[in-house]
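# Topology and contacts: notes
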Amino acid sequence: MSDKPTALVVLAPGAEEMEAVISIDVLRRGGIDVTVAGVSGDEPVRCSRGVVITPDAALQNVGDDFDVLVLPGGAEGARQLAMSDAVGERLRKHEAAGKWVAAICAAPIALKSHGVFQGRRMTRHPSVRSMLEDWCEYSDHPLEADGKLITSRGPGTAFPFALRVVGALTSAERMAEVRAPMMFPVQVS
């Protein structure tokens, strides 16, 4: 672990904005240096419910040295992640280097599309379950961690998902410190 952990949140058109914004916010509260990178460039990205988010940079213009790669879902956002060669290259590098990858909602379809984390235990939005049944060990849990892979089911699980990433990059104590003032009602393990 580095002194100041780093995260790359990859934002694609049609991303689920709650999953992106909650992840970015919670990670920053946890002391993680977050870079938001747009798959299509550094122009503002229209998310699934019409919220527009401006990335910090274009994906092709940021380096590879991040402790975690975070993939927000959303049906169209996940499809864009699954089709992006740049996302695939980063996913393969992260898996090979033993670095963290966190994918929420429909975003795990990008894992299969790019040939990473096969056979791992993961959860995802029920709408993409059939697309991944032959790729992973399915879990019905709202949050799942298997090795350096963290997955979660959708917008309603974005807080525990992001808190779990904070815990993975820092400590359980730091995760609890971040959770407490947000008044999040349940313990994340």
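The text that follows walks through the structure, step by step, so that each part is easy to find. Since the model is a prediction, treat every value here as computed from it, not as a measurement.

Most often, soluble globular proteins have nonpolar side chains that are buried together. Formed by 66 residues in total, the largest nonpolar core has its most connected members in Val10, Leu71, Leu81, Leu91 and Leu111. The leading source of residues in this core is helix α6 (residues 158-169), at eight residues. In contact with Leu81, not counting residues within four places along its chain, are Val10, Ala12, Val39, Leu71, Pro72, Val87, Ala107, Ala110 and His114.

Under the counting rule described, the total for this entry stands at 12 salt bridges. In this structure, Asp64 engages Lys93 in a salt bridge whose closest nitrogen and oxygen atoms are separated by 2.8 Å. Residue Asp64 is found in the loop between β5 (57-58) and β6 (68-71), and its partner Lys93 is found in helix α3 (residues 85-97); the two are separated by 29 residues along the sequence.

Turning our attention to the side chain of Ser152. Position of Ser152 among the secondary structure elements: in strand β11 (residues 149-152). In terms of polar contacts, Ser152 uses its side chain to reach the side chain of Thr157, at 2.6 Å. Contact partners of Ser152, with chain neighbours within four places excluded, come to Ala103, Ile104, Cys105, Thr123, Arg124, Pro142, Leu143, Thr157 and Phe161.

Rules used in this analysis
Residues numbered from 1 in each chain as written. Predicted model: local features only at pLDDT ≥ 70, side-chain atom pairs only at ≥ 80, totals over all residues. Heavy atoms only, no water. Core = buried A, V, L, I, M, F, W, Y, C linked by side-chain atoms within 4.5 Å. Buried < 20%, exposed > 50% of the residue type's maximum accessible area, 1.4 Å probe, protein only. Helix = DSSP H or I, 4+ residues; strand = E, 2+ residues; numbered from the N terminus. Contact = heavy atoms within 4.5 Å. Salt bridge = Lys/Arg side-chain N within 4 Å of Asp/Glu carboxyl O. Polar contact = N/O pair within 3.5 Å; in protein donor to acceptor, adjacent residues only side chain to side chain.

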